[in-house]
Amino acid sequence: MSFLHNDKSQKNSKRSHVLNCEVENETIDTEVTQSLIAEEKKRALPEDLMERICNRDNLNKAYLKVKRNKGAAGIDGMTIEASLEFLKTNKDKLIASLLDGSYKPQAVRGIEIPKPNGGSRLLGIPVVVDRIFQQAILQILQPYFETTFSDFSYGFRPERGAHDALKRASQYVSEGRCFVVDVDLEKFFDRVNHDILMSRLSRHIKDKRLLRIIRAFLNAGMMSNGVVNARTDGVPQGSPLSPLLSNILLTELDKELEERGHKFVRYADDCNIYVGSEASAKRVLESVTKWLEQILKLKINKEKSAAAKVDERKFLGYQILQDGSLCVAKQSIERFRSKIKSLSKRRTSISMEEMILKLNPLIRGWLQYFRLSSQISKFKFLDGWIRRRMRCFRLQQCKLPKTLAKFLIKLGVSDYSAWATAYSGKGKWRLSRAPQVHQAMSNKWLENQKLLSLAKLYQQVNGLKEPPYTQVRTVV
């Protein structure tokens, strides 16, 4: 009897333990569910979005942001400075039209600008008032949508930039993923499907007034050559909202790639997926192309997209080598040299000092962006080329041989060498390499003229004492 009693006691004890576990697990699950719901409510967009957007503080902040950006005027010709008086006079009427849904955006001004790799890009410039309202919408929406974006997305996001994207891509390659699927979306900003984009927005935004005004901004016509053309797709580059809207749409691509387990980096419409073999790269390119065309109705540029070794492609102006290190891409160097040539044209009628003042911001900004490069030798080569360009520019200012000879003599060249150089009959570009010219306008002399050096800036920015490179012959 005691045995049976003990057995029943053990059974009851076990049953009690199981029930307790079930209750405990149910409690934990409930707590997790409640926590997720609370977190979702915390992240959810409020229903009074338009009231928050039209808040005076938010609108004032938007005005100051647009003013700092110093954008061009739209089709009405109104500048940001001239808009202040207009806004003071009409602010109540404008805010009321936003709240009751009667506000109608004006057409955007279309401008074709050349792309670095050929072709052109169509920019759409909204009128100042529309830009201010778009900026006000952006300021309210962006904090929420930031919580929904992928960790692998870096373009047009606060506290993220191209350098962060490059560092992550470099990490993938250093881990052994030496093949890249380089996905290039053909005219992405011109071909965004409005219906698909609005459906994605409506999943998060319940304020129908805001959805209507965003749709109105998307449908606003584009004026080109005096003619306003209706738009049924695309988000105009140049408007404050377009970067956020593009990220909202392409987040779906990010989520798809994450579910497939890919290692990738996306910066705006540039997406690179890193894999371990060429076969994998080709397979991924084919499947991603099919997915983008079917789901998001976007077209892949087959000429610019590729599945290749990482060092055969460029990403955000850099080239990633097989060991994961970064260097400046050849195309970036050529574009930089083209800008220098454009600034220092022969017929530019300014002094040497003024020319250097124009060049230095370009040199400093270019180095700041390409400071992640591991090859300082390219900066030294460019330094030599820039110095030669400046010597040539100064020689061109000495239009007559007599003037050139006196200039060289003044800088310490002997009379005979100065006159022989001046009357040699050589062109200014050839003369810029002559020993006499180099003696007169030495590297030290150019440094005293305040001409910046890329190599020295590189060492300063990266805290280097000695440059980590093998020496190469440079043109000086």
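Look above for the structure.
I will try to describe carefully the structure that is included in this document. From a predicted model like this one, the values you see are computed outputs, not experimental measurements.

Comments concerning the overall build of the protein
Of the regular secondary structure elements, the protein holds 20 helices and 11 strands. Burial analysis of the protein (476 residues in total) assigns 44% to the buried set. Of the contacts formed within the protein by residues at least 6 apart in sequence, a portion of 73% connects residues at least 24 apart. Working note: accessible area of the protein is about 26000 Å², and carbon and sulfur atoms make up 51% of it.

Here's the deal with the pattern of salt bridges
This model, assessed by the stated rule, comprises 16 salt bridges. A salt bridge links Asp-195 to Arg-215; the nearest nitrogen and oxygen atoms lie 3.1 Å apart. Here Arg-215 lies in helix H9 (residues 208–219) and Asp-195 lies in helix H8 (residues 194–202), a separation of 20 residues in the sequence. Asp-195 sits in the exposed class, given a relative accessible area of 52%. On the accessibility criterion, Arg-215 (27% relative accessible area) is partly exposed.

Let's talk about the pairing of strand S6 (residues 263–267)
Direction of pairing for S6 relative to strand S7 (residues 270–275): antiparallel, over a ladder of 5 bridges. Looking across to S7, one finds that Val-265 is bridged to Asn-272. Remark: 2 residues form the turn of the hairpin made by S6 and S7, two consecutive strands paired antiparallel; Ala-268 in that turn has positive phi of roughly 60 degrees.

Structural notes on the sheet that holds strand S11 (residues 326–328)
Read across the sheet, 3 strands follow the order S9-S10-S11 without closing on themselves; strand pairing throughout is antiparallel. The open sheet is flanked by strand S9 (314–315) and S11, the only strands paired with a single partner. The pairing of strand S10 (residues 318–320) with S11 spans 3 bridges and is classified as antiparallel. The residue bridging Gln-319 from the neighbouring strand is Cys-327, located in S11. Contacts from helix H6 (residues 162–174) reach S9, S10 and S11 within the one sheet, and its direction differs from that of S10 by about 15 degrees.

Some details on the side chain of Arg-394
You can see Arg-394 is positioned in helix H14 (residues 377–397). As a buried residue without a salt bridge, Arg-394 has its nearest oppositely charged side chain in Glu-353, at a separation of 6.6 Å. What Arg-394 contacts, discounting residues up to four positions off in sequence, is Met-352, Phe-407 and Met-441.

Here we look at helix H10 (residues 242–259)
In an α-helix, one turn spans 3.6 residues; hence positions three or four apart end up facing the same way. Between its first and last C-alpha atoms H10 spans 26 Å; for 18 residues at 1.5 Å apiece the expected length is 26 Å, and the two agree. The principal kink in H10, of about 35 degrees, is found at Leu-250. Along H10, 13 of the 18 residues are buried, which leaves the element largely enclosed by surrounding structure.

Notes on the packing of aromatic side chains
Taken as a whole, this structure holds 14 aromatic pairs when the rule is applied. Between Phe-152 and Phe-264, the aromatic rings sit 4.9 Å apart at their centres with planes inclined by 40 degrees, giving tilted as the arrangement. Remark: Phe-264 occurs in strand S6 and Phe-152 occurs in the loop between helix H5 (128–146) and H6; sequence separation between them is 112 residues. For Phe-152, a relative accessible area of 16% puts it in the buried group. For Phe-264, a relative accessible area of 0% puts it in the buried group. Between Phe-336 and Trp-366, the aromatic rings sit 4.3 Å apart at their centres with planes inclined by 25 degrees, giving stacked as the arrangement. Of this pair, Phe-336 sits in helix H12 (residues 330–343) while Trp-366 sits in helix H13 (residues 352–369), placing them 30 residues apart in sequence. Here the two residues Phe-336 and Trp-366 agree in accessibility, since each one is buried.

About the criteria used
- Residues numbered from 1 in each chain as written.
- Predicted model: local features only at pLDDT ≥ 70, side-chain atom pairs only at ≥ 80, totals over all residues.
- Heavy atoms only, no water.
- Helix = DSSP H or I, 4+ residues; strand = E, 2+ residues; numbered from the N terminus.
- Buried < 20%, exposed > 50% of the residue type's maximum accessible area, 1.4 Å probe, protein only.
- Contact = heavy atoms within 4.5 Å.
- Areas by Shrake-Rupley, 256 points an atom, 1.4 Å probe, with all protein chains shown as cover.
- Salt bridge = Lys/Arg side-chain N within 4 Å of Asp/Glu carboxyl O.
- Pairing = 2+ DSSP bridges.
- Axes fitted to C-alpha atoms, helices over the stretch in contact; angles between N-to-C directions.
- Lys, Arg positive; Asp, Glu negative; His and termini not counted.
- Expected span 1.5 Å × (residues − 1).
- Bend = angle between axes of the 7 residues up to and from the residue.
- Phe/Tyr/Trp six-rings, centres within 6.5 Å; stacked < 30°, edge-to-face > 60°.

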